[in-house]
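Inside the fold
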Amino acid sequence: MLAKRIIPCLDIKNGRTVKGINFLSLADAGDPVENAVRYSQSGADELVFLDITATVENRETLSSLVEKIAENINIPFTVGGGIKSADDAYKLLSSGADKISINSMAVRKPDVITEFANRFGSQCVVTAVDVRKNPKFSSGYEVYIDGGRTPTNIDALAWCIECQNRGAGEILLTSMNADGTKAGFSCDITRSVSTSLTIPVIASGGAGTIGHFEEVFSKGSADAALAASVFHYHEIDIFELKRSLQKQGIAVRL
């Protein structure tokens, strides 16, 4: 059985770590390099860095900050936000990222998923999928882009399947309804996606307690769980979380 992964997320705005609720009301959560080092030393399996305003501000991801973080950590590192071309992705991978995450551009130009997979390998390509509840879709969720600002009229499950078929090596699935609420992951859509795909699915949005992680791995069938504020504000210790998961029979790396 593959070990389940615990992944802290650094949402970056203006060079600082921020955290909000339902993608809104962003508050400062510290220096990203300091946060990254702490997570690298405290048992995190991987780290995700998302430059959350790069796309809407029409600028490149902060490659200098990516380089600084990569120099100071020894765990796999995924970077996303503002990637518009294979050259952008190459620059970030050259700056120290192990994987790149694409979201809005993948929806607008789905062929880039295959292009990136062919050039860098599927293992380097993470498709981030932000979803919000909408009963008109068969999965019950609609895909949003532009940092959660723009609805796409695309069914969440159908899009995740397409991403896999086009060469994505992993899905980062964020429930906008649960994001920042600390009320638990959206296990319904997580399970639908996880059980329909053969590539790993990272569940994101809603972590508030250790029990929520246990639930998303068992009921949600997630391969990994991503969280931000509970780690940023020292509400959950990653080693303690992993020990608890292990006691529940969930395989983790200690």
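See the structure above.
Residues numbered from 1 in each chain as written. Predicted model: local features only at pLDDT ≥ 70, side-chain atom pairs only at ≥ 80, totals over all residues. Heavy atoms only, no water.

1. Here we look at helix α8 (residues 210–218)
Basically, it comes down to this: For every residue, the accessible area (1.4 Å probe, protein chains only) is compared with the maximum for its type, and the residue is labelled buried under 20%, exposed over 50%, or partly exposed between those bounds. Numbering of helices and strands runs from the N terminus, with a helix taken as a DSSP run of H or I at least four residues long and a strand as a DSSP run of E at least two residues long. Whether two residues are in contact is decided by their heavy atoms: any pair within 4.5 Å suffices. We call two N or O atoms a polar contact when they sit within 3.5 Å, provided that within protein one can donate a hydrogen and the other can accept it, with sequence-adjacent residues counted only if both atoms are side-chain atoms.
Of the positions making up α8, those classed as buried are I210, H212, F213, E214, V216 and F217. Among the structural elements, β1 (5–13), α7 (187–196), β11 (201–204), β12 (224–227), α9 (229–232) and α10 (238–247) are those in contact with the buried residues of α8. Residue T209 occupies the N-cap position of α8, its side-chain oxygen lying 3.3 Å from the main-chain nitrogen of G211.

2. A few points about the nonpolar core
Short version of the rule: Throughout this description, the term nonpolar core refers to a set of buried Ala, Val, Leu, Ile, Met, Phe, Trp, Tyr and Cys residues connected via side-chain atoms within 4.5 Å.
In terms of nonpolar packing, the biggest core is built from 71 residues, with I69, I102, F116, F213 and F231 touching the most fellow members. Membership of the second largest hydrophobic core comes to 10 residues, among which are V48, L172, A224 and L226.

3. Re the layout of surface pockets
Quick note on the threshold: Think of a 1 Å grid over just the protein atoms. A cavity is a set of points where a 1.4 Å probe fits yet cannot get out, a pocket is an open set with protein on both sides within 12 Å along at least five of seven lines, and lining residues have an atom within 4 Å of a point. Grid points are joined across faces, edges and corners, and a volume is the space filled by probe spheres set on the points. Here the term charged refers only to Asp, Glu, Lys and Arg, the term nonpolar to Ala, Val, Leu, Ile, Met, Phe, Trp, Tyr, Cys and Pro, and the term polar to all other amino acids, Gly among them.
Put simply, the second largest pocket is a space of about 270 Å³. Lining the second largest pocket are 14 residues, and of these L2, A3, R5, P200 and D223 sit closest to its centre. Within the lining of the second largest pocket, the residues separate by chemical class into five nonpolar, one polar and eight charged.

4. Brief notes about the pairing of strand β5 (residues 77–80)
Using the following cut-off: When DSSP finds two or more bridges between two strands, those strands count as paired. When the strands point away from the viewer, a crossover counts as right-handed if the route from the first strand across the helix to the second turns clockwise.
Burial along β5 is two-sided: F77 and V79 and T78 and G80, pointing in opposite directions, are all buried. Of the strand pairs in this sheet, β5 and strand β6 (residues 99–102) are connected by three bridges, and their pairing is parallel. When the sheet's bridge partners are listed, G80 is paired in β6 with S101. This β-α-β element, β5 to helix α3 (residues 86–94) to β6, shows right-handed connectivity.

5. Focus: the pairing of β12
With burial as the criterion, each face of β12 is covered, one bearing A224 and L226 and the other bearing A225 and A227. Sheet topology places β1 next to β12; four bridges connect them, and they run parallel. The partner of P8 across the bridge, within β12, is A227. Across three bridges, β11 lies against β12 in parallel orientation.

6. Notes on the side chain of D45
Mapping D45 onto the fold places it in the loop between α1 (32–41) and β4 (47–51). For D45, a relative accessible area of 10% translates into the label buried. Of note is the side chain of D45, whose polar atom sits 2.8 Å from the backbone nitrogen of I6. There is a polar contact of 2.9 Å between the side chain of D45 and the side chain of K242.

7. Some words on the packing of α3 against helix α5 (residues 111–120)
Rule in force here: Here an angle of 0 to 180 degrees is reported between the N-to-C directions of two axes, which are lines fitted to C-alpha atoms, with helices fitted over the stretch in contact. Roughly parallel means an angle under 35 degrees; roughly antiparallel means over 145; roughly perpendicular covers 65 to 115; every other angle is labelled oblique. In this scheme the handedness of a crossing depends on how the near helix is turned from the far one: anticlockwise by less than a right angle means left-handed, clockwise means right-handed.
Taken N-terminus to C-terminus, the directions of α3 and α5 make an angle of 45°; their axes are 10 Å apart at the nearest point. By the angle between their axes, α3 is oblique relative to α5. Crossing handedness for the pair α3 and α5: right-handed. Counting all contacts with α3, which are made through A86, D87, A89, Y90 and L93, the residues of α5 involved are E115, F116, R119 and F120.

8. Focus: the packing of aromatic side chains
This is how it is decided: Centres within 6.5 Å make a pair out of two Phe, Tyr or Trp rings, where for Trp the six-membered ring is used; the pair is then stacked when the planes are under 30 degrees apart, edge-to-face when over 60, and tilted otherwise. Two thresholds decide whether a charge sits over a ring: the Lys NZ or Arg CZ must be within 6 Å of the ring centre and within 35 degrees of the ring normal.
Counted according to the given criterion, the structure contains five aromatic pairs. Aromatic pair Y39 and F231: ring centres 6.3 Å apart, planes at 65°, arrangement edge-to-face. A residue pair is termed long-range when its members are at least 10 positions apart, and Y39 in helix α1 and F231 in helix α9 qualify at 192 residues. Look at Y39 and you get buried, because its relative accessible area is 1%. Members of the aromatic cluster, each reached through a chain of ring pairs, are Y39, F185, F213 and F231. Over the ring of Y144 we find R132; its NZ or CZ atom is 5.3 Å from the centre of that ring.

9. Topic: the environment of V107
Tracing the backbone through its elements, the reader meets V107 in helix α4 (residues 104–108). Distance from V107 to I154, taken between C-alpha atoms, is 9.2 Å for residues 47 residues apart in sequence.

10. Here we look at the pattern of salt bridges
Let me state the cut-off plainly: The salt bridge criterion pairs a side-chain nitrogen of Lys or Arg with a carboxyl oxygen of Asp or Glu, the two atoms within 4 Å.
Across all of its chains, the model carries 12 salt bridges by this definition. Across the pair D45 and R253 runs a salt bridge whose closest N-O atoms are separated by 3.7 Å. Placement of the pair is D45 in the loop between α1 and β4 and R253 in the segment after α10, with a sequence separation of 208 residues. With a shortest N-O distance of 2.9 Å, K99 and E170 are connected by a salt bridge. With K99 in strand β6 and E170 in strand β10 (residues 170–175), this residue pair connects regions lying 71 residues apart in the sequence. Taken together, the salt bridges that share partners define one network made up of R5, E46, K99 and E170.

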